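Coordinate analysis (summary)
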Amino acid sequence: MNSTTKISGAEAVMRSLVAENVDTIFGYPGGAIMPIYDALYDYADKVNHILVRHEQGAIHAAQGYARVSGKVGVCFATSGPGATNLITGLADAMIDSTPVVCITGQVASHLLGTDAFQETDVIGISMPVTKWNLQVTRAEEIPNAIAKAFYLAHSGRPGPVLIDITKDAQFGETEFEYSKCNRIRSFIPKPELNLRHLEQAAALINNAKKPFLLVGQGIMLSKAENELMAFVEKTGMPVASTLLGLGAFPTDHPLYVGFLGMHGNYAPNIMTNECDVLVAIGMRFDDRVTGDVSRYSKQAKVIHIEIDAAELNKIIKPEAAIHADAKEALTELTKMLDVRKHPEWLNDFEQLADIEYNQVIKNEISLKDKGLKMAEVIHLLSEKTKGEAIIVTDVGQHQMVTARYYQYRKSNSNITSGGLGTMGFALPAAIGAKIGSPSRTVVAVIGDGGFQMTIQELGTVLQAKVDVKILILNNNFLGMVRQWQQLFFDKRYSFTEIVNPDFTAIAKGYSIEAAKVIDRLSLDDAIEKMLLHQGAYLLEVVVEKEENVFPMVAAGASVSEIRLS
């Protein structure tokens, strides 16, 4: 293109996105972003636009796409309610470190602050839930703004970025030149390794009698799975995973001891308060992991490896605080370590695992004459997919059961809303996950409550022909809230029982094949049929109405006080 040729700001948006290798955009058009959509019309051969049914669906789909593909998710929305409908997803992406770039349209710049039709201060509203945001009022600002947005979204600790572009900037003309951003003054995405801190950590690990490793999503974000394996097999220490860390380390490895947290496995929770050295990598000591912080691992020397300096010393005060990228830190730290084995310490984990199996697990997956349990459904799903599917969960009891019983064999396979706990996340996120990884089986596991929060995205499945499997575990309750009401509010079930619609009929209304299971005899064949079906499929499984998820660490309790019943 001749350097003197000018293009519209809207065209500059599209050329910038193509320069960033964007192949998919999730969005919903409206008046203030119409010029960008008009420019998008000419890019159908380069960019796949997925028309969602609600802007919240757009950003959750972008999150699912980003989490499985390793790329930045992109979504479009118009001004006012279109932009504000993104806020929940922005908050979700912020706390779960998901790289997303959201582009919103805005009223013309001369109308800013006048309460014009569909004008909202989305910059002010989104500031606390974005890594960076910017309002663009001139066409010539667009390329640099987008370049900076993509750099910030994926570098360091990933997160969401929002660019709000006024309508006159979209219509305005500019000479176009695009340069990818690879540096921002004063922003240091990867801190320099401090070898002295690593040596301090190595000395603690080499002298440990009862070391214990906790891994989070940071392992996958830094693509450190191989380095983690080398570290674990050299040190011989047991490994447990946070909710978002599931998949970073294979669950069938002999040193894997389970899932941490409020509904995690018995052994890793108990042993957190028995180890002498606790190594935490790429996780932030969320309250669902720690329980009562004042009684959390006080006996242990803590090593915390984390790329975000704000997370170091925030909740837990480590003996060795290592501000570093997980991959780089593990590469150097492993060189400093002795080859070790800890058979007696591992045996302690195995004994506690046996207790959990006999008191909880056996009764949930080996039933003969009682109602269907969520655990047996997920256990069967795990066996039939060999632990290799991408599993997208919503929020609630089914989420915790899936984390416990699905045996993840591959990285980037557990897509869920962790820190924010967003009901309605799973269906749109599963759409994005399937588009981001079309060759893999994607199963959305959803409760009957959460499903109805974004049920309209079945329309997206229909129009975009997304081959996603939807597994609804239906107990006709807001199950997690009901469990707490039962245990801590004297069974006063205040507005948690749900009268549900016919989910299979609704699915068929969207031309999605569907079936319903109410008994154990038909479960195996029904899951098999769902997985083998070519195209989208919805399977509703009616499970026990008042089933509880155990083990459980009650709010305010120590992880040592984890309950088995």
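Residues numbered from 1 in each chain as written. Predicted model: local features only at pLDDT ≥ 70, side-chain atom pairs only at ≥ 80, totals over all residues. Heavy atoms only, no water.

1. Topic: the environment of Ser222
To keep it simple, the criterion reads: Strands are runs of DSSP state E lasting at least 2 residues, helices are runs of H or I lasting at least 4, and numbering of each runs from the N terminus. Remark: exposure states derive from per-residue accessible area (1.4 Å probe, protein chains only) relative to the maximum for the residue type, with buried under 20%, exposed over 50%, and partly exposed in between. It only takes one pair of heavy atoms within 4.5 Å for two residues to be counted as in contact. Throughout this description, a polar contact denotes any pair of N or O atoms lying within 3.5 Å of each other; where both atoms belong to protein, one of them has to be capable of donating a hydrogen while the other can accept it, and for residues adjacent in sequence the pair is counted only when both atoms sit in side chains.
Its place among the elements puts Ser222 in the loop between α10 (218–221) and α11 (225–235). Overall, the relative accessible area of 12% leaves Ser222 in the buried class. A C-alpha to C-alpha distance of 8.7 Å links Ser222 and Glu328, two positions 106 residues apart in sequence. With sequence-adjacent residues up to four places away left out, Ser222 is seen in contact with Asp325, Ala326 and Lys327. A distance of 3.3 Å separates a polar side-chain atom of Ser222 from the backbone oxygen of Ile219. Reaching out from Ser222, the side chain makes a polar contact with the backbone nitrogen of Lys327 at a distance of 3.5 Å.

2. Some remarks on the pairing of strand β19 (residues 513–517)
Rules: At least two bridges found by DSSP between two strands is the condition for calling them paired. Handedness of a crossover: with both strands directed away from the viewer, a clockwise path from the first strand across the helix to the second marks it as right-handed.
Sheet analysis places β19 next to strand β20 (residues 537–542), joined by five bridges and oriented parallel. Within β20, the residue paired with Lys516 across the bridge is Glu540. Between β19 and its parallel partner β20, the chain crosses via helix α23 (residues 523–532), and the hand of that crossover is right-handed.

3. Comments concerning the packing of aromatic side chains
In plain terms, the rule: Only rings of Phe, Tyr and Trp enter the pairing, Trp through its six-membered ring, and a pair is recorded when the two centres are within 6.5 Å. The plane angle decides the type: under 30 degrees is stacked, over 60 is edge-to-face, the rest tilted.
Under the definition given, this model contains eleven aromatic pairs. Between Trp345 and Phe349, the aromatic rings sit 4.9 Å apart at their centres with planes inclined by 80 degrees, giving edge-to-face as the arrangement. Of this pair, Trp345 and Phe349 both sit in helix α15 (residues 343–365), four residues apart, which is roughly one turn of the helix. Residue classification places Trp345 among the buried positions, given a relative accessible area of 3%. Look at Phe349 and you get buried, because its relative accessible area is 2%. Cluster of aromatic residues (ring-pair linked, three or more members): Phe212, Trp345 and Phe349.

4. A few points about the side chain of Glu225
Mapped onto the secondary structure, Glu225 falls in helix α11. Not counting chain neighbours up to four residues away, the residues in contact with Glu225 comprise Ile219, Met220, Ala248 and Ser411.

5. Points about the pairing of strand β13 (residues 301–306)
The buried fraction of β13 amounts to five of the six residues, a majority that puts the element mostly inside the structure. Here five bridges tie strand β12 (residues 277–281) to β13, and the two strands are oriented parallel to one another. Opposite Leu278, over in β13, you have Val302 as the bridge partner. Bridging between β13 and strand β14 (residues 320–323) involves four bridges; their strand directions are parallel. Bridge assignment links Ile305 to a residue of β14, and that residue is Ile322.

6. Comments concerning the sheet that holds strand β15 (residues 390–393)
Stated formally: Here an axis means a line fitted to C-alpha atoms, over the contact stretch when the element is a helix, while the angle between two N-to-C directions is reported on a 0 to 180 degree scale.
Reading across the sheet, the six strands line up as β16-β15-β17-β18-β20-β19 and stay open at both edges, with parallel pairing between neighbours. One side of each edge strand has no neighbouring strand; the edge strands of this open sheet are β16 (414–416) and β19. The mean angle between the axes of side-by-side strands here comes to 20 degrees, regardless of whether they run parallel or antiparallel. Strands β15, β17 (442–447), β18 (469–474) and β20 of the sheet are contacted by helix α16 (residues 374–385), whose axis makes an angle of about 160 degrees with β18. Where helix α18 (residues 426–436) meets the sheet, its contacts fall on β15, β17 and β18, and the angle it forms with β17 comes to roughly 175 degrees.

7. Digging into unusual backbone geometry
A cis amide bond links Phe550 to the next residue, Pro551, at an omega of 0 degrees. Position of Pro551 among the secondary structure elements: in the segment after β20. Although it is not a glycine, Asp115 adopts a positive phi angle of roughly 60 degrees. Checked against the element boundaries, Asp115 lands in the loop between β5 (100–106) and α6 (122–126). Residue classification places Asp115 among the exposed residues on the basis of a relative accessible area of 71%. If you check the backbone angles, Phe285 has positive phi at about 55 degrees while not being a glycine. You can see Phe285 is positioned in the loop between β12 and α13 (287–290).

8. A look at the pattern of salt bridges
The criterion, for reference: Any carboxyl oxygen of Asp or Glu within 4 Å of a side-chain nitrogen of Lys or Arg constitutes a salt bridge here.
Per the counting criterion, the structure on display carries 24 salt bridges. With a shortest N-O distance of 3.9 Å, Lys46 and Asp45 are connected by a salt bridge. With relative accessibility at 66%, the residue Asp45 sits in the exposed group. The partner of Asp467 in a salt bridge is Lys469, with the nearest N and O atoms 2.7 Å apart. We classify Lys469 as buried; its relative accessible area is 3%. Beyond isolated ion pairs, a larger network of salt bridges with shared partners links Arg157, Asp308, Glu311 and Lys314.

9. As for the side chain of Gln170
Along the chain, the position of Gln170 falls in helix α8 (residues 167–171). Beyond its immediate chain neighbours, meaning those up to four positions away, Gln170 contacts Ser8, Gly9, Ala10, Ala32, Ile33, Met34, Pro35, Ile36, Gly105, Gln106 and Ile165.

10. Concerning the nonpolar core
For clarity, the threshold we go by: We define a nonpolar core as any set of buried Ala, Val, Leu, Ile, Met, Phe, Trp, Tyr and Cys residues linked to one another through side-chain atoms lying within 4.5 Å.
Membership of the largest hydrophobic core comes to 98 residues, with the highest contact counts inside it found for Phe212, Leu213, Ile303, Leu381, Leu471 and Val541. The contacts of Leu213, once residues within four sequence positions are left out, are Leu228, Phe231, Val232, Met237, Pro238, Val239, Ala240, Val279 and Ile281. Grouped together as the second largest cluster of nonpolar side chains are 38 residues, Leu17, Val72, Ile142 and Phe150 included.

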